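# Structural description and commentary
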Amino acid sequence: MTEEELVTQGDEAEALLANSAFNACVNTLVEGTFTTYVNSDPADDAGREQNYRHYRALVDVANTLKQWVAVRDEINERVISAVDDNSQEELTDHG
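Every chain is numbered independently, its residues counted from 1 as its sequence is written. Residues qualify for local features only when their pLDDT is at least 70, as the model is predicted, and side-chain atom pairs are given and counted only at 80 or more; totals for whole chains, interfaces and linings, by contrast, use all residues. Hydrogens and water are ignored here; the side-chain numbers use all heavy atoms of the structure.

### Let's talk about the packing of helix α1 (residues 3-18) against helix α2 (residues 20-39)
Put simply, the rule reads: The axes used here are C-alpha line fits, helices contributing only the stretch in contact, and every angle between their N-to-C directions lies in the interval 0 to 180 degrees. By the criteria applied, helices consist of DSSP H or I runs no shorter than four residues and strands consist of E runs no shorter than two, each listed in order from the N terminus. Any angle between 65 and 115 degrees counts as roughly perpendicular, while under 35 counts as roughly parallel, over 145 as roughly antiparallel, and the rest as oblique. Residue contacts are defined here by distance: any two heavy atoms, one from each residue, within 4.5 Å place the two residues in contact.
For the pair α1 and α2, interaxial distance at closest approach is 5 Å and the crossing angle is 70°. The pairing of α1 with α2 is recorded here as roughly perpendicular in orientation. Residues L16, L17 and A18 of α1 pack against S20, F22 and N23 of α2.

### Description of the environment of W68
Our working definition: Any residue under 20% of the maximum accessible area for its type is buried, any over 50% is exposed, and the rest in between are partly exposed; the area is computed with a 1.4 Å probe on protein chains only.
Within the fold, W68 resides in helix α3 (residues 45-94). Given the relative accessible area of 32%, W68 is considered partly exposed. The sequence separation of W68 and E12 amounts to 56 residues, and the corresponding C-alpha distance is 9.0 Å. The contacts of W68, once residues within four sequence positions are left out, are Q9, G10 and A13.

### Topic: the nonpolar core
Most often, soluble globular proteins have nonpolar side chains that are buried together. Heads up, the rule is: Definition of nonpolar core: a set of buried residues of the types Ala, Val, Leu, Ile, Met, Phe, Trp, Tyr and Cys, connected through side-chain atoms within 4.5 Å.
Judged by nonpolar contacts, A13, F22, V26, L65 and V69 together constitute the single largest core of five residues. Of all the elements in the fold, those that place two or more residues in this core are α2 and α3. Contacts of F22, omitting those with residues within four sequence positions, involve L16, L17, V61 and L65.

See the structure below:
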């Protein structure tokens with residue numbers, strides 16, 4: 001992916017993470033999965049494993065979106081820093 005695409009991806013991820021319907025959906029699914037896990041029979045290894053994997057998948061989605069935002073922020077910081085450096089060089093060259 002290009003840096004521009006990564007920045008766009010980060011912008012879209014941030015918008016999704018800020019969306020109340022998305023957060024309500026994910027939180028409801030996480031809480032439901034956790035409740036099912038806690039109330040399951042401790043001897044039901046397969047069922048508990050499935051609930052754990054469902055929980056991890058939900059958490060992985062949220063963490064991936066947060067990572068995309070962080071990548072975008074790193075790119076933006078680098079670009080701003082490079083612009084600042086170039087401005088300082090121009091001032092030094094012309095000063």
